[in-house]
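Understanding the architecture of this molecule
One letter stands for each residue in the lines below.
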Amino acid sequence: MSETTSMLDKKDTAAEHEVLLDAQDVKVHFPIKRGVFFDKTVGHVFAVDGMTLQIRRGETYGLVGESGCGKSTFGRALLRLEEPTNGTVTFAGTDLSPLKGEALRTLRRHMQMVFQDPLSSLDPRQTVESLLLEGMRAHGLTKDAKAADARLRELLTAVGLPVAALRKYPHEFSGGQRQRIGIARALSVDPELIVADEPVSALDVSVQAQVINLLQDVQEQFGLTYLVIAHDLAVVRHISDRVGVMYLGSLVEEADSDGLYATPLHPYTRALMSAVPIPDPLIEDQREQIILAGDLPSPANPPSGCRFHTRCPWRQEERCDTERPQLRVVQIDGVPTSHRVACHYAEQIHSGEIERHEVSATAVDPSSLSDSPTVNTQENPGGPISAP
Amino acid sequence: MTAPSPAPATTDTLLSVRDLTVEFGTKGQTPFRAVDGVSFDVRPGQTVGLVGESGCGKSVTSLAIMGLLPKRGNKVAGSATFDGTDLLTLDDREMRDRRGRDVAMIFQDPLSSLNPVVSIGVQVAEVLQRHRGMKKSAAMAESRDLLDKVGIPDPSRRLKEYPHQLSGGMRQRALIAMALACKPRLLIADEPTTALDVTIQAQILNLLKELVVDSGTALIMITHDLGVVAGLCDEVNVLYGGRIVETAPRHELFASPRHPYTNGLLGSIPRLDGARNEQLAAIPGSVADNIPWTSGCAFAPRCSRAIDVCRAETPSLEQDSVAIEDHLLRCHNPWPTGGEA
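Rules used throughout
- Residues numbered from 1 in each chain as written.
- Chains lettered and ligands numbered in written order.
- Predicted model: local features only at pLDDT ≥ 70, side-chain atom pairs only at ≥ 80, totals over all residues.
- Heavy atoms only, no water.
- Helix = DSSP H or I, 4+ residues; strand = E, 2+ residues; numbered from the N terminus.
- Buried < 20%, exposed > 50% of the residue type's maximum accessible area, 1.4 Å probe, protein only.
- Contact = heavy atoms within 4.5 Å.
- Areas by Shrake-Rupley, 256 points an atom, 1.4 Å probe, with all protein chains shown as cover.
- Core = buried A, V, L, I, M, F, W, Y, C linked by side-chain atoms within 4.5 Å.
- Domains from an automatic or database assignment.
- Buried area = accessible area lost by both parts, 1.4 Å probe.
- Salt bridge = Lys/Arg side-chain N within 4 Å of Asp/Glu carboxyl O.
- Polar contact = N/O pair within 3.5 Å; in protein donor to acceptor, adjacent residues only side chain to side chain.
- Nonpolar A, V, L, I, M, F, W, Y, C, P; charged D, E, K, R; others polar.
- UniProt positions renumbered as here; feature names shortened; annotations may be inferred.
- Phe/Tyr/Trp six-rings, centres within 6.5 Å; stacked < 30°, edge-to-face > 60°.

**As for the overall build of chain A**
Counting its regular elements, chain A contains 13 helices and 12 strands. Here chain A holds 388 residues, and 54% of them are scored as buried. Sequence separation of 24 or more characterises 66% of the internal contacts of chain A that already satisfy a separation of 6 or more. For chain A, the exposed surface amounts to about 16,400 Å²; the carbon and sulfur share of it is 50%.

Structure representation (C-alpha cells):
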C-alpha cells in the first residue's frame, strides 16, 4: 500500500481534493407499463438503486460492472440525460436536481460525454468542422471566428487528427479516428468533467490502446476529470485512480486502483477479476478461477438483502438474504479507509475464516422482467442479459 | 505463393488446411483477397487458435472451411482436408451431411444464430433427427440431456422456450448443445464469448475446455482476445491482412513473441496484473494503412521495426531459426528472442 500512499501525497494540494461531483443516493427506476387503454404501471426496473460516490477534481474514476448493472444509466443520470427518481447530484457546488431549461443547458457545457459507438453518435451528414462547431456555437464560443478556428486546429492536434479532417464526414474515418472526433467534440466546449461510456469497447485491440493513451494525454493537457464507465476491468484499472465496482444498481466495492487489484474484498470483485483473461499462459494455467453460477438476476426483480447472495460462493445463512449491506470501511491490516466494501462478511472472507462453497445455477427467467416484481425472488433470480 | 513449411499432413491430422485463399469481388473490379494462402493443421483433441483483429480473415477462413460462404461473388482456392476428404470440393448435399455431424460451428451472436420462432428443444432435436435418424420423442429426450450437459438449469422447461426467453450465456450454451449433438470431431468457435460478459465468458470457456478434454473433440478457436488464447489454445496462429504472420505453441508464443505485430498486440492490452501508470505500447495507424502483400509486408507501414526490405520484398512464413520448438514466422526483421515491445 506504500505505493498508493505516495501517489496520494503527490497530489496533496487543496484543488486535488476538492470534490467536483457528488452523487448522493441516486436512484433511477424505470416504470414497467402494461395495458392498452390504461398505462398501468405494473412494476419497476431498478436500474440504479442507491448510488453514492464522489469524484474529485483531476482524478479518473472508473465504474466497472457487467451489462445490466446500471452503470450507463448512472452515468446518464449524472448529466441529467436520464431523470433520477431519487437522490441529488452536486456538480462544483451546484445542485443539479432543481435546474431546468437554460440553467441546465448552460451547465452542461462543463460536463460532456463520450459515447461507446462513435459512428451512431456522430451525425453522418455533418462535416467534422460543423460537428465540432455545433457545441461551441450553442455555448456562445464562436463569436470570435478567428479564435474559434484556432480552437478547432488545437482540438484536432490534441486528438491526433490532421487539419484536413475538418472537411470530411464521419463515414470517411476508421473506428479509432471516429472515437477521436467524439473526444474532440467533448473537448470543444472546454468541459471540466467528461463521462466516457465504454469509450474503447467498440474498437480493435491495437486501436483501443491508442484511444486509451489519448484519453490520458488530453486529461493532462486540459486538466480534465473523468468518469470512465466500462465493463473491462483491465481497461478501467489501467486508466483510473479510483475504481467502483457495480452490481445490480449499486456499488459493491470502491477503492484506489492498485488497492482493488491487490486486495479485492467483495466476492463479486474477486469473481470478476478471476474471470478476466490474462495474456500469459503461465498465469492462466495456475490462477484460481471463481466461476460464478448462473446469470445476473433481473433488475426488475432484484434479490432481497445482498443483491449478490444468489450467486455468491461465500454466502452465509444469516444476514446475506435479509439485510442489504452498505459500503463500509473494513478493519483489515494494510487496507486503507478509502477502500470500502458492501459485504457483511468481508473480514472473515479475507482471513479465510469463511470458505468458498459450491453454488448451483438457479433457473433464469427473463420473463420476470415483465412479470410483477412481487414474484418470489428466490424462485426467479434471473434476467435477460444481452451483449455488452 | 511460397510453400509454407508446416510438416506434411500426417495420419493423426484431423483437419489440414493448405493454401486457403478467398477472394471477394464483382466483375470488372480488382478482387479483394480476404484470406491469402492460410495453412494450418488440427489434430484430434487439439485446440488451435486463429487470432487477429477485425478484417484479418479469421472468420472468412472458418466460413470457407464450413462451406458457408455465399455462392456468388467469391472465389475459394486451396484445400481443407478433413479425414481424407477435401471439404472444399464437396457439393452442397455432401457438405450438409458433414456439417453438424463431423464438423460443427458456434458463432459470435447466439441470438441471430437461433431461429426465433422455433423452441430450443425442437432446434436441438432437429440436428439429432437429421443426422442420427432419431425419432422425435427420442430426440427430445436426448436434447434434454444435452442441455443439461452444457449446464443449462431446469432443462425440461428450457426445451419448450424460445431463444428470446434465454439470457445471452444460456443461448450460447444452447448453441453449444446443438453443435455437440452429433459428437462432432471438430468444433469451430467463432468469437464465442465476445458478446458475453466476462463472468459468463469464463463459464463458457470452462465448458469448452471440459468438452475438449472429455470428448476429444478438436477445437478451432477464433478470437481477437489474446487473453482467451493464453488460457485455452495449444497452438496459436496470428493473422494479419489475410495471412498467418506467426504460428507457435501457446507457451512459446507468449514467452517469446517474435513478430512485431504479435508483440504490438500484447503491448496494446492493458493487463490486470501489469504496471498501471505507464502508457500502453499502441500500434500506430490502422489496417487502412496496409500495403498489399505482393509489394512487401502488409504490416510494414505500422511496424516499429520496418526496414527497407519490408516494403520491397514479400516475407515468407518460415521456421524461426532461433526457436527451439515449432515456431513459424513471416517477418524480415523480427524481435530478438525474448524481446519485449
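Alright, that's what it looks like, and here's the rest.
**Points about the nonpolar core**
Residue and element names in this part refer to chain B. If you look at the biggest cluster of nonpolar residues, it comprises 64 residues, and the most contacted ones within it are Ile176, Leu208 and Tyr261. Lining this core are residues from two domains, each supplying at least three of them: domain 1 (15–240) and domain 2 (251–341). Apart from residues lying up to four places away in sequence, Tyr261 is in contact with Gly52, Glu53, Val238, Leu239, Tyr240, Val245, Ile283 and Phe299.

**A look at the interface of chain B and chain A**
At the interface, 52 residues of chain B touch 56 residues of chain A. Here chain B packs against chain A, burying approximately 4,500 Å² in sum over the two surfaces, 56% of which is carbon and sulfur. It is B:Asp197, B:Leu272 and B:Arg276 that lose the most area in chain B upon contact with chain A, and together they represent 20% of the buried surface on that side. If you look at where chain B meets chain A, you find 2 salt bridges. Taking the shortest distance from any N to any O, the salt bridge between B:Arg250 and A:Asp285 comes out at 2.9 Å. For the pair chain B and chain A, the interface holds 17 residue pairs in polar contact (both at pLDDT 80 or more). Element by element, the count of residues in the side of chain B that touches chain A is highest for helix α8 (residues 198–215) of chain B, at 7 residues. Taken together, the residues that form the side of chain B that touches chain A break down as 22 nonpolar, 18 polar and 12 charged.

**Let's talk about the environment of A:Leu166**
All names here are of chain A. You can see Leu166 is positioned in the loop between α6 (145–159) and α7 (175–187). Overall, the relative accessible area of 6% leaves Leu166 in the buried class. It is 26 Å that separates the C-alpha atoms of Leu166 and Tyr226, two residues lying 60 residues apart in sequence. Discounting chain neighbours no more than four positions away, the residues touching Leu166 are Thr127, Val128, Glu129, Leu132, Leu152 and Leu156.

**What to know about the UniProt feature "domain: ABC transporter" (unreviewed entry) in chain B**
Feature annotation in UniProt places "domain: ABC transporter" (unreviewed entry) on residues 15–266 of chain B, given in this structure's numbering. Span residues 15–266 of chain B is 41% helix and 26% strand, its end C-alpha atoms 28 Å apart.

**Comments concerning the packing of aromatic side chains**
Residue and element names in this part refer to chain A. Applying the stated criterion across every chain yields a total of 6 aromatic pairs over all chains. Between Tyr247 and Tyr268 the ring centres are 4.6 Å apart and the planes differ by 55°, which places this aromatic pair in the tilted class. Within this pair, whereas Tyr247 is found in strand β9 (residues 242–247), its partner Tyr268 is found in helix α11 (residues 267–275), the two being separated by 21 residues in sequence. Given a relative accessible area of 1%, Tyr247 falls into the buried group. Consider the rings of Tyr247 and Phe308, whose centres lie 5.0 Å apart with planes at 85°: the pair is edge-to-face. On the criterion of sequence distance, the pair formed by Tyr247 in strand β9 and Phe308 in the loop between α12 (281–286) and β11 (328–329) is long-range, its members being 61 residues apart. Members of the aromatic cluster, each reached through a chain of ring pairs, are Tyr247, Tyr268 and Phe308.

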